[in-house]
Amino acid sequence: MNSLLEKLYVPGHIEYLILDPNLVILDKSPRVERFAEFPQDVAIGQDARLSFPELVGSETIVQQIIAGNTQNSYLEGITRSSQAGTPLYIDFNFERIGNNAILLMEDVTEIMVLKQSLLQRANEAELLLSALKASEDYNKKIISSMGDALFVTTGSGKIKTINQAAQQLFGYSEDELIGQPIALIIEDEQFLLEASQQKLSSQQFLAGVEVLCHRKNGGELIVEFSCSVIQTRIQGSPAFVYIGRDITARKNAEIEMNKALEKEKELNDLKSRFISMTSHEFRNPLSSILMSVDILENFADEWSEDRKDSHLQRIRQCTTTMTSLLDDILIIGRAEVGKLEFKPSPLKLTDFLQYIVEDIQLLAGSDYKIALNLSPSLDGKIFQLDEKLLRHILTNLLTNAVKYSPQGGQVDFEVRIENNWLHLTIQDQGIGIPPADQEHLFECFHRAPNVGDISGTGLGLSIVKKAVDLYRGKIVCRSELGVGTTFQVDLPLNGIPKS
Amino acid sequence: MAIISKKVCMIGDFGVGKTSLIRRFVERQFSDQYLSTVGVKISRKIVNLQHLEVDLSQEIKLLIWDIEGQTKFKAIASSYLQGASGILVVADSTRQETIEHLQDHVKQFVAINSNGMIAVALNKVDLVDPEDIEQIRKNMSFSEHQVLGIYNTSAKTGQNVDHIFETLAFKIWRQDNR
Ligand SMILES: Nc1nc2c(ncn2[C@@H]2O[C@H](COP(=O)(O)OP(=O)(O)OP(=O)(O)O)[C@@H](O)[C@H]2O)c(=O)[nH]1
Ligand SMILES: [Mg+2]
């Protein structure tokens, strides 16, 4: 065996073991112990696995090599963790030698240490890159999945980065926005100015600023923006991060809500006014009645029939006032809850008008004159009209006209038909309505300050307005203080025009 | 009773924590520093199988081959895997590509040693949300019958480290003693 090996040239830095198929050492190089983990166990006739534990598992390889099934087996850079100090790296190379195997071992520590430092750098760089990529990927995904619009600009406001939501919200493509000034999107100069001043204090955060913006197609948007400043790699060159949320829908809902609240407040006001007014309006006639009853109780025996009569008269008068007040309140109440309806039916207009005028004339007495001016073309004609609504309109307007006219005053009532519209004009020469009160004319219980002690509920014109509205008609008022008032009511004749 | 020695290999991509798992198992230590392995570094540890089966008073000496991790430029040398009774295939749960490579590593080993036992370690679970780990596990499966199971491990916290080595050792022993 030795003689065989002596023919081989084995360089000085290589050691060897010659092994039989059971890994028993048949021969060894003189200094092979320096590579063994347990040098004391290196001996001819010993199991090589005792001194070289890493040979556990190499049985098959050795056998295959000896059998000629495998040419050789090469294991690069084996080291042991049990080794203290600088590690020793050995290359193992199994080859066949006669009917045995030779394990050639070479110290490759130097090259392996070098390799290690190269690999170390490469792997660290790769790990860093992979972590960076993962986090970039992650951030990108977050940004692109954000529901809020994101803009990042340079210090001077040039757009550098945008996300999907920003493109969708404003209707621009990425190409159209990158490089453009942010002012293209945010037109609110005040906000941009405030944002740019933050350059000074980058800890700050401008939040919740509502900005009116425009889509590419011109559509309006209300966007709630926040802005913060981030430091870029270049010292003194910050970037601005704008995040915008479309709050148009919310704003509109808010407006609607405010409207509803306003309406509710109005209704509440109305209710309180209603209660105070009605109680007030009822108190006067009630106390009058009480007073008259008192007087009658105490003095009826002493008084003449005439005097008693005047008190009974007053009681009747007060009761009538209260009844009409109650009627008006009921009408308004019904209109308020939508129970007052437009229900037209055939009506002989001239007869109806004459009847109403006569009625009012009767109440007004001979001191006043109501002049009804009917166009002859109306004679005897029948129209589809809502008698009830018409009655509400006319009795109130005519009663008012009379009530606020001076003694002996005349009320002109003109009725025309033109293009399927019924035009009713009621003109008096009464006290007139102050300009400031004209816009509140149709509000419940509103009464102008110049009414003096002329009694009234403040409901008549509200009823008129409600009836005209149900009719989809129009009412206008022209009035001058001390000169008179004209109400013009126009009602469509062919049912309700489509709104 | 003679103590049995068995060769097991750690394989997987670079930086997944092969060395750290061994270090935790053998030396009960962990370091956050990364020192990449070149060639192969061999460690030893005697495992008492009593941990797994109470009646069993059997010890097994594992020779653990910590093999240089696979990189884009270098595959794992198959010669290292020859004669291994089992392998521990390791992936880094924070790096998807290392998980995707598990299958290739398993195949490489099975091609060399169709009888060897295989344990799969999803390492560094301390860095990942348990929910995500669940999802990762759902997305993977191994058809090879040699695969004992997939273990969530952490060399840092020690989670499942002893367990995975001991299980591997036990299955290797049982295969020889059926
Ligand atoms: N948080 C955490 N870090 C770990 C864990 N395992 C390993 N690491 C870290 O991951 C890095 C790589 O670990 P190694 O054990 O050297 O990885 P390797 O698989 O041996 O790498 P190569 O030798 O290059 O193939 C080191 O910085 C370790 O500290 C773990 O379970 N949790
Ligand atoms: Mg390593």
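Before reading on, note that the structure itself is shown above.
A brief structural summary. This one's a predicted model, so the numbers in the text were calculated from it and none came from an experiment.

Around ligand 1, 24 residues are found, and the nearest of them are B:Lys18, B:Ser20, B:Ser31, B:Tyr34 and B:Asp126. The local environment of ligand 1 is shared, drawing residues from chains A and B. Between ligand 1 and the protein, one listed contact pairs an oxygen atom with a side-chain N or O atom of B:Lys18 at 2.7 Å. One of the backbone nitrogen or oxygen atoms of B:Lys156 is found 3.4 Å away from an oxygen atom of ligand 1.

Residues and elements named next belong to chain A. A sheet is described by the order of its strands in space; here 5 strands give the open sequence E7-E6-E10-E9-E8, paired in antiparallel fashion. Two strands close off the open sheet at either side, each with one partner strand: strand E7 (159-162) and strand E8 (205-214). Direction aside, neighbouring strands of the sheet carry axes that sit 30° apart on average. Pairing between strand E9 (residues 220-231) and strand E10 (residues 238-246): 9 bridges, direction antiparallel. If you follow Glu224 over to E10, its bridge partner there is Arg245.

A few words on the interface of chain B and chain A. For interface size, the figure often reported is the accessible area lost on association. Listed per partner, the contact involves 27 residues of chain B and 28 residues of chain A. Buried surface at the junction of chain B and chain A, summed over both partners, amounts to about 2400 Å²; 59% is from carbon and sulfur atoms. Counting across the chain B and chain A interface gives 3 salt bridges. Where chain B packs against chain A, one counts 13 residue pairs in polar contact (both at pLDDT 80 or more).

Further remarks concern the sheet that holds strand E15 (residues 421-427) of chain A. Residue and element names in this part refer to chain A. Within the open sheet, the 5 strands sit side by side as E12-E14-E15-E17-E16. Their pairing is mixed. Where the open sheet ends on each side, the last strands, each with one partner, are strand E12 (369-374) and strand E16 (474-480). Taken pair by pair, the neighbouring strands of this sheet meet at an average axis angle of 10°, ignoring direction. Note: E16 against strand E17 (residues 484-492), 7 bridges, orientation antiparallel. Residue pairing in the sheet places Ile475 in a bridge with Val489 of E17.

Basis of the calculations
- Residues numbered from 1 in each chain as written.
- Chains lettered and ligands numbered in written order.
- Predicted model: local features only at pLDDT ≥ 70, side-chain atom pairs only at ≥ 80, totals over all residues.
- Heavy atoms only, no water.
- Near = heavy atom within 4 Å.
- Polar contact = N/O pair within 3.5 Å; in protein donor to acceptor, adjacent residues only side chain to side chain.
- Pairing = 2+ DSSP bridges.
- Helix = DSSP H or I, 4+ residues; strand = E, 2+ residues; numbered from the N terminus.
- Axes fitted to C-alpha atoms, helices over the stretch in contact; angles between N-to-C directions.
- Contact = heavy atoms within 4.5 Å.
- Buried area = accessible area lost by both parts, 1.4 Å probe.
- Salt bridge = Lys/Arg side-chain N within 4 Å of Asp/Glu carboxyl O.

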